[in-house]
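# Analysis of the macromolecular model
Each chain is listed here by its residues.
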Protein chains: 2
Amino acid sequence: MTATTALEHILEELEQAEGLAGLQIAIEALRSEMNVDHMVYHWVDSAGDQYGCGTYPPEWVQRYLDQNYLRVDPVIAGCYQRFHPVDWKRLDWSSKAARAFQKEAISYGVGNQGFSVPIRGPNGQFALFTVSHSGNDAEWATFTKTHTKNMLLISHVFNRKALDLEPDRTPEHAQALSPREVDAVTLLAMGYNRAQVAQSLAISEHTVRVYVESARFKLGAMDTTHAVARAISRGLIVV
Amino acid sequence: MTATTALEHILEELEQAEGLAGLQIAIEALRSEMNVDHMVYHWVDSAGDQYGCGTYPPEWVQRYLDQNYLRVDPVIAGCYQRFHPVDWKRLDWSSKAARAFQKEAISYGVGNQGFSVPIRGPNGQFALFTVSHSGNDAEWATFTKTHTKNMLLISHVFNRKALDLEPDRTPEHAQALSPREVDAVTLLAMGYNRAQVAQSLAISEHTVRVYVESARFKLGAMDTTHAVARAISRGLIVV
DNA sequence: TTTCCCCTCCCCCAAAATGGGGAGGTGCCG
DNA sequence: CGGCACCTCCCCATTTTGGGGGAGGGGAAA
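Residues numbered from 1 in each chain as written. Chains lettered and ligands numbered in written order. Predicted model: local features only at pLDDT ≥ 70, side-chain atom pairs only at ≥ 80, totals over all residues. Heavy atoms only, no water.

## Looking at the overall build of chain A
From N to C terminus, chain A includes 11 helices and 5 strands. Counting only residues that meet the buried cut, chain A has 50% of its 239 residues in that class. At a minimum sequence separation of 6, the contacts of chain A that also span at least 24 residues come to 60%. When the accessible surface of chain A is totalled, it reaches about 11200 Å², and 53% of it is carbon and sulfur. (Helix = DSSP H or I, 4+ residues; strand = E, 2+ residues; numbered from the N terminus. Buried < 20%, exposed > 50% of the residue type's maximum accessible area, 1.4 Å probe, protein only. Contact = heavy atoms within 4.5 Å. Areas by Shrake-Rupley, 256 points an atom, 1.4 Å probe, with all protein chains shown as cover.)

Shown next, in the form of structure tokens:
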């Protein structure tokens, strides 16, 4: 199994890589080693910011960003619905927008086949590690079958490196909620209203309000709904 | 590398396993193969329901459920904050409740060392694949270093099998939101109120209301906050 | 073609949440 | 000891939401 050894070698180099440039070198080496047209790492954070690195043509990347294809791309939508690596064929391409998107992607040189590994983070973070290739279904089925394990391993190692590049958001995210705030916000997120929360926590409705206001302030939220959204996105509450 | 071969053999058997009983057999084989005290798969879904299988003493599992330790367990809280496998030592055990929990866990036979792989799903689903062992820090460091890759692979395969056992929730979860509903709910989740959403979408405030009510109905939510929480948990909106 | 869902708009009114104050207790850390 | 963060309680006025109606046009699917 020389392929595996070569892969492991690249992964070891990846561990030593520094900066986005290092990741770029590694991803090209991996693409070459796995003998596919494209390999891409795509990161989306809770604010909707995204970045990535990979071998897609820059024009396509630019187009994708300009058109805000993030909200159209069935790969994004589909992987948001899944735990597991997914073959693009199994995604939902039924909408008109999706088919137009697919056609355009192929015209830019993105392969007609693809396979993406989703990785989900605590703050609404979401990363995709993708291989894409032009070829028929049979070839591609063989590829995905033999390389699923490798893709898993690669995506994990790569993602870990990519996280090191993330600007440290802990200062703003470190705003933890107090236990009672967590209680209150959690119950609200579960569909309770303030009165029910108060009863459930055996405190006055007004106290609940103080907690929610406090949580709202800490989370920089405009209202309760916003606060709940942020608390969930940041993994502060378990709904 | 006979260890790897044996592991792969077990994983192949796991692929064939059927039912929770099959997983139980597999997890015991894996525990034995990796030579640790305990191996556990723990699943938490968006409703707060949980189940699992593994080698923890039944008394501890019962105690955990009875006491609702889900909301205390630093392994749960910590893995909710992380992308990556984590050594229990790196978690936050500073709170009184956490230390009491740890002490009680050890008294029930859970090892003092542990290593958990978090896997996050689209519907607020969350699974943990854990190995736990009693031993000193040096031994454990060696173990984690050599077995991280295996743990990744195992947790993936195991999780995929476990998902097959999940009751099919697609009927209730398949309730996708219409594009405008997604727009409205997304903006609400971003802290806009109805009037702002209306302005932002260039539609009447009343229309926004119709969308939100519709989304609330589809999501089975009690109010807007609940609807937003569910939409985020189910990955229907990207905040 | 009929049916169904989606998008868009309007009315009224009751209920709930929010924002602005203030106040007292505990417990921890420097 | 003095702050600081946390937990708990109260009033009032205002804003926001929710629930009940109804109505028309468009597109897709059966």
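## Here we look at helix α2 (residues 19–34) of chain B
All names here are of chain B. Taking 1.5 Å of rise per residue, 16 residues should cover 22 Å, and α2 covers 23 Å from first to last C-alpha, within 8% of that figure. Considered for burial, the residues of α2 that qualify are G22, L23, A26, I27, L30 and M34. Burial along α2 is one-sided: seen end-on, the buried residues are contained in an arc of 130°. Across α2 from its buried face, at more than 90 degrees, point the exposed residues A21 and I25. Positioned one or two residues after α2, N35 has a phi angle of 60°, which is positive. (Expected span 1.5 Å × (residues − 1). Arc of directions from axis to C-beta.)

## Remarks on the protein's contact with DNA strand C
If you check the shell around DNA strand C, you find 18 residues, and the closest are R194, R216 and T224 of chain A together with H206 and Y211 of chain B. In the model, a phosphate oxygen of DNA strand C is placed 3.2 Å from a nitrogen or oxygen of the R194 of chain A main chain. Within the side chain of R209 of chain A, an N or O atom sits 2.6 Å from a base oxygen of DNA strand C. Where the surface near DNA strand C is concerned, the elements lending two or more residues are α10 (205–219) of chain A together with α8 (179–189) and α10 (205–219) of chain B. Considering every element that reaches the surface near DNA strand C, the biggest residue donor is α10 of chain B, with 6 residues. Considering only residue class, the surface near DNA strand C consists of 5 nonpolar, 7 polar and 6 charged. (Near = heavy atom within 4 Å. Polar contact = N/O pair within 3.5 Å; in protein donor to acceptor, adjacent residues only side chain to side chain. Nonpolar A, V, L, I, M, F, W, Y, C, P; charged D, E, K, R; others polar.)

## Focus on the sheet that holds strand β3 (residues 86–87) of chain B
Residues and elements named next belong to chain B. With respect to topology, 5 strands assemble into an open sheet ordered β2-β1-β5-β4-β3, the strand pairing being antiparallel. In this open sheet, the two edge strands, each paired with only one partner strand, are β2 (50–54) and β3. Pairing geometry for β3 and strand β4 (residues 113–120), over 2 bridges, is antiparallel. Note that in β4 the partner of D87 across the bridge is F115. Contacts between α2 and the sheet are confined to β1 (38–44), β2 and β5 (126–133), with β1 contributing the most and set at about 140° to the helix. (Pairing = 2+ DSSP bridges. Axes fitted to C-alpha atoms, helices over the stretch in contact; angles between N-to-C directions.)

## Here we look at the sheet that holds strand β3 (residues 86–87) of chain A
All names here are of chain A. Spatially, 5 strands are ordered β2-β1-β5-β4-β3 in an open sheet, and the strand pairing comes out antiparallel. Lying at the two open borders of the sheet, with one neighbouring strand each, are β2 (50–54) and β3. Strand direction decides the pairing type here: strand β1 (residues 38–44) and strand β5 (residues 126–133), joined by 7 bridges, are antiparallel. Following the sheet pairing, H42 is matched in β5 by L128. Contacts between helix α2 (residues 19–34) and the sheet are confined to β1, β2 and β5, with β1 contributing the most and set at about 140° to the helix.

## What to know about the environment of S200 of chain A
Residues and elements named next belong to chain A. Mapped onto the fold, S200 is located in helix α9 (residues 194–201). Classification of S200 by relative accessible area gives partly exposed; the value is 43%. Taking the C-alpha atoms as reference points, S200 and A184, separated by 16 residues in sequence, lie 9.3 Å from one another. With sequence-adjacent residues up to four places away left out, S200 is seen in contact with L187 and Y192.

## A look at helix α8 (residues 179–189) of chain A
Within α8 of chain A the residues assigned to the buried category are E181, A184, V185, T186, L187, L188 and A189 of chain A. In this fold, the buried residues of α8 of chain A make contact with α9, α10 and α11 (224–233) of chain A together with α11 (224–233) of chain B. Positive backbone phi, approximately 105°, marks G191 of chain A, located one or two places after α8 of chain A.

## Side note on the protein's contact with DNA strand D
S178, S204, H206 and Y211 of chain A together with R209 of chain B are the nearest of the 20 residues found near DNA strand D. Backbone atoms, meaning sugar plus phosphate, form 57% of the atoms of DNA strand D positioned within 4 Å of the protein. Note that a phosphate oxygen of DNA strand D is positioned 2.8 Å from one of the side-chain N or O atoms of R180 of chain A. In the environment of DNA strand D, a phosphate oxygen lies 2.8 Å from a nitrogen or oxygen atom belonging to the side chain of T207 of chain A. Secondary structure elements with two or more residues in the surface near DNA strand D: α8 and α10 of chain A together with α10 of chain B. For the surface near DNA strand D, the element with the highest residue contribution is α10 of chain A, accounting for 6 residues.

## Details of the pairing of β1 of chain B
Counting buried positions over the 7 residues of β1 of chain B gives 7, a clear majority of the element. Burial along β1 of chain B is two-sided: the residues H38, V40, H42 and V44 of chain B and M39, Y41 and W43 of chain B are all buried.

## Quick word on the pairing of β1 of chain A
Two elements, β1 of chain A and β2 of chain A, share 5 bridges in a ladder whose sense is antiparallel. Bridge pairing in β2 of chain A places V40 of chain A opposite G54 of chain A.

## A short note on the packing of α8 of chain B against α10 of chain B
Residue and element names in this part refer to chain B. Packing of α8 against α10 brings their axes to within 9 Å, and their N-to-C directions diverge by 95°. With respect to α10, the axis of α8 lies roughly perpendicular. Facing α8, whose interface residues are R180, E181, A184, V185 and L188, α10 presents Y211, V212, S214, A215 and K218. The class makeup of the residues in the contact of α8 with α10 is 6 nonpolar, 1 polar and 3 charged. (Parallel < 35°, antiparallel > 145°, perpendicular 65-115°, else oblique.)

## Looking at the confidence of the model for chain A
Looking at chain A, the pLDDT average stands at 81 and 85% of residues meet or exceed 70. The low-confidence segment residues 168–174 of chain A, where pLDDT is below 50, has 4 contacts with residues more than four positions distant or belonging to other chains. (pLDDT = per-residue confidence, 0-100.)

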